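Structural characterization, general
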Amino acid sequence: MKKVHNFNAGPCILPDQAIENAIDALKDFAGTGMAVIEVSHRSKEWQAVMDECRALWKELLNIPDTHEVLFLGGGASMEFLYVAMNFLERKAAYLETGVWAKKALKEAKGLGEAYAIASSADSTYSYIPKGYEIPSDIDYLHITTNNTIYGTEIPYDMDCPVPLIADMSSDIMSRPVDVSKYALIYGGAQKNVGPAGVSFAIVRKDALGKVSRYIPTMLDYRTHIDGESMFNTPPVFPIFVMNETLKWLKGIGGVEAINRINKEKAALLYDEIDRNSMFTGTAAKEDRSIMNVCFVMAPGYENLQDEFMAFAKDRGMVGIKGHRSVGGFRASIYNACPKESVQALVDCMAEFEKLKKQ
């Protein structure tokens, strides 16, 4: 098979171990003689997968008993609506740090009073707003901890005087998280913990049931808590691969170990961006993401963008084209992205500079 270095933003690179075990499960799942996509979700074999996956989430993130872990269909974009349905009674505030935060806010506005408490739209979302006041009369504050398109991140668990809700689609399991500080953590799996087709929600159980509106059955988190994420047929294959991905993560030392590795990978690439005369970063240095590294050609070299893209592709780099809304380049270096791939990209950038400086 052709060797490539996968920097796709999502669906993302997954551990070889997870992919190989998924292939085996498509041939014969748990000795049932059936593929994992054929077996009944009410079977004891499948129940064992659900139980193990939930237990791994709780173990890896040290999730307290106050919170429940859910596996849902529809992706994080569906959960934008879940959030407002389940938590918005009077008004809510959103920290607008990118496209996905803005889309989450739009869904909330459709159900009640919601507003941006602060925004970095004035600078193409190149920084995380700071110094804003969090009012005490809002139902919740919503944040997006990692912004895939713009390469910014909130790498800590903020103290918040109101219920805190976080979209952690693209940095979940990349660092330790104090789950007790959140009423809800949610996200799509396909950025860091599995394939597309399933989303996760870590919800504080006593934060639910506070709104007076009717909540449609399928959009009520309590439905899925009571049904143990199997009120209806769950997305079995994405959950199976997620479980295998989390087993891999536990095997290499968990979130503390991967956080150290992620920081090393990010530092390696950012150091080259800062050193290399051909490139420049787009995110404020103090807010740079360790998951999505965004950069562009430096002033005076903009005309070389297509040439570098072709140069990198020829050397096995896949998925480094920036989001269509901003252009430039983006290297998504999620958990399963090996340091060797990051080094290969760094070498590619250095080689391109040397070639053009001759």
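Use the structure listed above.
This write-up is about the structure you can find in this document. (Residues numbered from 1 in each chain as written. Predicted model: local features only at pLDDT ≥ 70, side-chain atom pairs only at ≥ 80, totals over all residues. Heavy atoms only, no water.)

This part is about the sheet that holds strand β5 (residues 141-144). Across the sheet, seven strands lie side by side as β2-β10-β9-β8-β5-β3-β4; this open sheet has mixed pairing. Each end of this open sheet is capped by a strand with a single partner; those strands are β2 (67-72) and β4 (113-119). Across the sheet, the mean angle separating the axes of adjacent strands is 20° when strand polarity is ignored. Contacts between helix α2 (residues 44-60) and the sheet are confined to β2 and β10 (199-204), with β2 contributing the most and set at about 130° to the helix. Lying on the sheet, helix α4 (residues 99-109) is in contact with β3 (91-96), β4, β5 and β9 (184-188); it crosses β3 at an angle near 165°. (Pairing = 2+ DSSP bridges. Helix = DSSP H or I, 4+ residues; strand = E, 2+ residues; numbered from the N terminus. Axes fitted to C-alpha atoms, helices over the stretch in contact; angles between N-to-C directions. Contact = heavy atoms within 4.5 Å.)

Here three strands make up an open sheet; going across it, the order is β11-β12-β14 and the pairing antiparallel. Each of the sheet's edge strands pairs with one partner strand only, and the pair in question is β11 (279-281) and β14 (329-332). For this sheet, the mean angle separating the axes of adjacent strands, direction not counted, is 35°. Pairing analysis gives four bridges linking strand β12 (residues 292-297) to β14, with the strands arranged antiparallel. By the bridge assignment, F295 is partnered in β14 with F329. Packing of helix α7 (residues 254-275) onto the sheet brings it into contact with β11, β12 and β14, and relative to β12 it is tilted by some 15°.

Let us look at the pairing of β4. Sheet analysis places β3 next to β4, joined by six bridges and oriented parallel. The residue bridging L95 from the neighbouring strand is A118, located in β4. For the crossover that starts at β3, traverses α4 and ends in the parallel β4, the hand is right-handed. (Right-handed = clockwise from strand over helix to strand, strands pointing away.)

Approximately 430 Å³ is the volume found for the largest pocket. Around the largest pocket, the lining is made up of 19 residues, and of these N6, I13, L14, D16 and I19 lie nearest the centre. Here the lining of the largest pocket is built from residues that sort into twelve nonpolar, four polar and three charged. Its boundaries defined by the atoms lining it, the second largest pocket holds a volume of some 310 Å³. Forming the boundary of the second largest pocket are 20 residues, of which W100, T148, S169, Q190 and K191 lie nearest the centre. The element best represented in the lining of the second largest pocket is helix α3 (residues 75-87), accounting for four residues. When the residues that make up the lining of the second largest pocket are grouped by side-chain class, the tally is five nonpolar, twelve polar and three charged. (1 Å grid on protein atoms, 1.4 Å probe; cavity = no way out; pocket = protein on both sides within 12 Å on 5 of 7 lines; lining within 4 Å. Points joined across faces, edges and corners; volume = space filled by probe spheres on them. Nonpolar A, V, L, I, M, F, W, Y, C, P; charged D, E, K, R; others polar.)

A word on the nonpolar core. The tendency in soluble globular proteins is for nonpolar side chains to be buried as a group. Counting 88 residues, the largest nonpolar core has W46, W57, L61, L141, M173 and F308 as its most contacted members. Here this core takes eight residues from helix α6 (residues 236-251), the largest share from any one element. Of all hydrophobic cores here, the second largest spans 30 residues; its members include L72, A92, Y140 and Y221. (Core = buried A, V, L, I, M, F, W, Y, C linked by side-chain atoms within 4.5 Å. Buried < 20%, exposed > 50% of the residue type's maximum accessible area, 1.4 Å probe, protein only.)

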